[in-house]
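Commentary on secondary and tertiary structure
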Amino acid sequence: MEFLVASSIGLLTTCGTYLLLRGRTFPVVIGLALLSYAVNVFLFAMGRLTINMPPILREGVTEYTDPLPQALVLTAIVISFGMTALIVVLSIRTFLEIGNDHVDGQPVGEPSEAGDKN
Amino acid sequence: MGDWIVIPIVLPAVMAALIVLAVRHDILLQRVFSITATVALVAVTLSLLIFANGNGPEMYALSDWPAPFGIVLVLDRLSAMMIFLTSLLGLGVVLFASSEWDQRGKHFHALFQFQLMGVNGAFLTGDLFNLFVFFEVLLIASYGLMLHGAGADRLKAGMQYVVVNLTGSALFLVGVGMIYSVTGTLNMADLAIQVANIAPGDAALLRAGALVLLLVFCVKAAMVPIHFWLPGTYANAPAPVAALFAIMTKVGAYSVLRVYSLAFGDTAGDMAWLAQPYILPAALITIAVGMIGVLAAKRLNNLIAFAVIGSMGTLLTAIGLFTPESISAGLYYLLHSTFSAAALFLIADLVVSRRGQFGDSLNTAPVFHQSGFLAVLFFIGAIGMAGMPPLSGFIGKLQILDASRDSDAMVWIWSVILVTSLMCIIGFGRAGSVLFWKSSSLDGEIVVEGAKWPVLPIISACGMLGGLVALTVFAGPISHYLNGTADQIFDTSQYIRAVLGDGALAQFGQ
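Residues numbered from 1 in each chain as written. Chains lettered and ligands numbered in written order. Predicted model: local features only at pLDDT ≥ 70, side-chain atom pairs only at ≥ 80, totals over all residues. Heavy atoms only, no water.

Brief notes about the overall build of chain A
Scanning chain A for helices and strands turns up three helices and zero strands. For chain A, the sequential pattern of α-helices and β-strands runs α-α-α. Expected size for 118 residues packed as a compact globule is a radius of gyration near 13 Å; at 20 Å, chain A overshoots this value by more than 25%. The dimensions of chain A, computed from C-alpha atoms along their principal axes, are 70 × 25 × 20 Å. The buried share among the 118 residues of chain A stands at 35%. Considering only intrachain contacts with a sequence separation of at least 6, the fraction spanning at least 24 residues in chain A is 49%. In the structure as shown, chain A presents an accessible area of about 7,500 Å², 67% of it carried by carbon and sulfur atoms. Placing the 6 positive and 10 negative side-chain charges of chain A at their respective mean positions leaves the two points 2 Å apart. (Helix = DSSP H or I, 4+ residues; strand = E, 2+ residues; numbered from the N terminus. Rg over C-alpha atoms; globule rule 2.2 N^0.38 Å. Buried < 20%, exposed > 50% of the residue type's maximum accessible area, 1.4 Å probe, protein only. Contact = heavy atoms within 4.5 Å. Areas by Shrake-Rupley, 256 points an atom, 1.4 Å probe, with all protein chains shown as cover. Lys, Arg positive; Asp, Glu negative; His and termini not counted. Charge placed at Lys NZ, Arg CZ, Asp CG, Glu CD.)

Listed below in structure tokens is the structure:
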């Protein structure tokens, strides 16, 4: 199971990073989503991998799983979900205002008037 | 006094909700609420500052859960100073925005209060994951503020800003996760104890986690090579927001100082002063990059944004030395650079709004309204930013140079800071002469509709410059306070005792 979890985190991070570096907003948004999945699974695994254990320490329970990473993941999921929604709306607005979906505002090889202002 | 520690977080949070729910249709009421709340915040943080000056660190346990299991807020000299600075800056910004900027989009005041809540929370929290949450609060509010009033350039810059910060947040969680996996704690005081007693087999993971976290803080602090988001964001943000963002980079610098002096300081064994070898060289390059940008800038707002990068480099140089003298000098420079950056962004907006079609491009244009008065303000602000006498930038840089005297890197620090100061003077001198001086050789006058003497913005800009003057005049007492702050930062047992009690200190071996 360790191999499975570790390699899936690795795969998600690889794909997420690759997509994040693309020039258009849609792959970037997907890349960020994949990256946040990878982080969530990673964070979950930081409480050690256990199966069929209660998340609470009680009388008579000697083996239990760490509840804190689960709480952290919950917070992280809520935040990344909200952020994904925000960036989707933002990229649509940017597309409508600028007229293309490139992150730096211009297609490759085509200098725009916005480019030389900086 | 303990319960008052939570007020700087609760007050803006309640106000923001109230503004967005109750008075969202009435801009006048929004302004009244927002300004009143910010004035109250200044009063509360001032009393907390006075309290912190006379007492040791004080803890507030949220929901009364005892540390290290619950989340704690900690008020010490450093955090008290930072929240007071935030509220003063916030007051200037909200006054400036209340003249006209807050009508260019919706919900400015609600977002502004949320931003204050996030920044204050980040300064007060004593828990690593809670720091992440407050980072997110302040970032989410800043996304909204950054896009306030929209426009193509601003949306483009905003998109890049959001993507960079979301990636940073993901890395933050990775770092926190790694640190938690080997130490089993997120409480910073408890972390200091666990790091000191770390098992040798876990040390490598802990070190990797701590360095990932350092990377995230340096994204926030705009340190080279991860500074590239800053010029576009600051130059395209609405002026009052850019002024408010002057505190955002300081949040990153504060986090570096807090985490890497408390948990990875003297007591951390093999990992003592983990951040030091990375920060110092990167900070020196940051100064150089910033000031080269100042020389190269073709737009006024870009010029100021690169000057902000340069001043962050100077601040991080002082922090990166990690000695009590350098921290004290760095904190003085932090106060100074916050006010000078905010003042310059506000003054730049007054200039830009009077230049009509010429905007903020650094080209010669005909004379505009109040060009003489604004030239004086710009001159004072530029003197402050460049660090020329008599203003506080000079005192700050002098202290940093003095504090680096014993460092191995002294030659590098002195030469970089002195040469880049000259570059900054040239950059600002050139910009000022193009904007104010050469314009008088052209015929005609730019006429722009609108208030000729907008009262609130001018009060606000002058107030920021007044902050610089106050820092200069009261340099003695402020330095005295900051020396005490630096001593407190280095005596980590005070912080740990306040959070965990005396029992934990025995474990700490002190």
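Here's the deal with the pattern of salt bridges
Residues and elements named next belong to chain B. In this structure the tally under the stated criterion is eight salt bridges over all chains. The residue aspartate 360 makes a salt bridge to arginine 299 at a minimum N-O spacing of 3.3 Å. One end of the pair, aspartate 360, is in the loop between helix H14 (324-354) and helix H15 (371-386); the other, arginine 299, is in the loop between helix H12 (276-296) and helix H13 (300-321), and 61 residues separate them in sequence. As far as the burial class goes, aspartate 360 and arginine 299 line up, both buried. (Salt bridge = Lys/Arg side-chain N within 4 Å of Asp/Glu carboxyl O.)

Notes on the domain arrangement of chain B
Residue and element names in this part refer to chain B. For chain B, the assigned domains are domain 1 (1-274) and domain 2 (276-473). The centre of domain 1, based on its C-alpha atoms, is set 24 Å off from the matching centre of domain 2. On the domain 2 side, the residues contacting the 39 residues of domain 1 number 38 residues. Regarding the contact of domain 1 and domain 2, the summed buried area is about 3,400 Å², with carbon and sulfur atoms giving 82% of it. Taken together, the links from domain 1 to domain 2 amount to zero salt bridges. Viewed at the interface, domain 2 and domain 1 are joined by six residue pairs in polar contact (both at pLDDT 80 or more). (Domains from an automatic or database assignment. Buried area = accessible area lost by both parts, 1.4 Å probe. Polar contact = N/O pair within 3.5 Å; in protein donor to acceptor, adjacent residues only side chain to side chain.)

A closer look at the side chain of B:His369
On the secondary structure map, B:His369 appears in the loop between H14 and H15. Aside from chain neighbours lying at most four places away, what touches B:His369 is B:Arg354, B:Leu374, B:Glu445, B:Ile446, B:Val447, B:Val448 and B:Lys452.

A short note on the environment of B:Arg77
Residue and element names in this part refer to chain B. Mapped onto the secondary structure, arginine 77 falls in helix H3 (residues 77-97). In this structure, the C-alpha to C-alpha distance between arginine 77 and glycine 54, residues 23 residues apart in sequence, is 9.3 Å. Those residues in contact with arginine 77 that lie beyond four places of it in its chain are Ala52, Asn53, His480, Tyr481, Gly484, Thr485 and Gln488. Of the polar contacts made by the side chain of arginine 77, one reaches the side chain of asparagine 53; its length is 3.3 Å.

Overview of the pairing of strand E2 (residues 72-75) of chain B
Residues and elements named next belong to chain B. Side-chain alternation along E2 places Val72 and Val74 on one buried face and Leu73 and Leu75 on a second face that is also buried. By the bridge criterion, four bridges tie strand E1 (residues 58-61) to E2 in an arrangement that is antiparallel. Its bridge partner lying in E2, alanine 61 is registered against valine 72. (Pairing = 2+ DSSP bridges.)

Topic: the confidence of the model for chain A
Parts of the prediction with low pLDDT should not have their coordinates interpreted in detail. Confidence in the prediction of chain A, expressed as mean pLDDT, is 86, and 91% of residues score 70 or more. Considering each helix and strand of chain A separately, the mean pLDDT is smallest for helix H3 (residues 67-98) of chain A, with a value of 91, and largest for helix H1 (residues 2-20) of chain A, with 95. (pLDDT = per-residue confidence, 0-100.)

Things to note about a negative patch on the surface
Residues and elements named next belong to chain B. A contiguous patch of negative charge, built from Glu325, Asp406, Asp487 and Asp491, is present on the exposed surface. Relative to the helices and strands, aspartate 491 resides in the loop between helix H19 (475-490) and helix H20 (492-500). Overall, aspartate 491 belongs to the partly exposed group, its relative accessible area being 30%. (Patch = residues over 30% accessible without salt bridge, like charges linked within 9 Å, V, L, I, M, F, W, Y side chains within 5 Å.)

Here's the deal with unusual backbone geometry
For the peptide bond that leads from B:Ala67 to B:Pro68, omega is 5°, which places it in the cis range. For B:Pro68, the location among the structural elements is in the loop between E1 and E2. For A:Asn52, which is not glycine, the phi torsion reads 60° and is therefore positive. As for its position among the elements, A:Asn52 is in the loop between helix H2 (25-45) and H3. By relative accessible area, A:Asn52 is classed as exposed at 77%. Positive phi outside glycine occurs at B:Phe322, with the angle close to 50°. With respect to the helices and strands, the residue B:Phe322 is situated in the loop between H13 and H14.

A few points about the nonpolar core
Looking at soluble globular proteins, one finds that nonpolar side chains tend to be buried together. All names here are of chain B. One finds Leu128, Tyr260, Phe264 and Phe428 to be the most contacted residues of the largest nonpolar core, which totals 217 residues. Of all the elements, H14 adds the most residues to this core, at 18 residues. There are two domains that each give this core at least three residues, and those are domain 1 (1-274) and domain 2 (276-473). Ignoring any residue separated from it by four or fewer positions in sequence, one finds phenylalanine 428 in contact with Val294, Leu303, Ala307, Leu344, Phe378, Ala382 and Met385. (Core = buried A, V, L, I, M, F, W, Y, C linked by side-chain atoms within 4.5 Å.)

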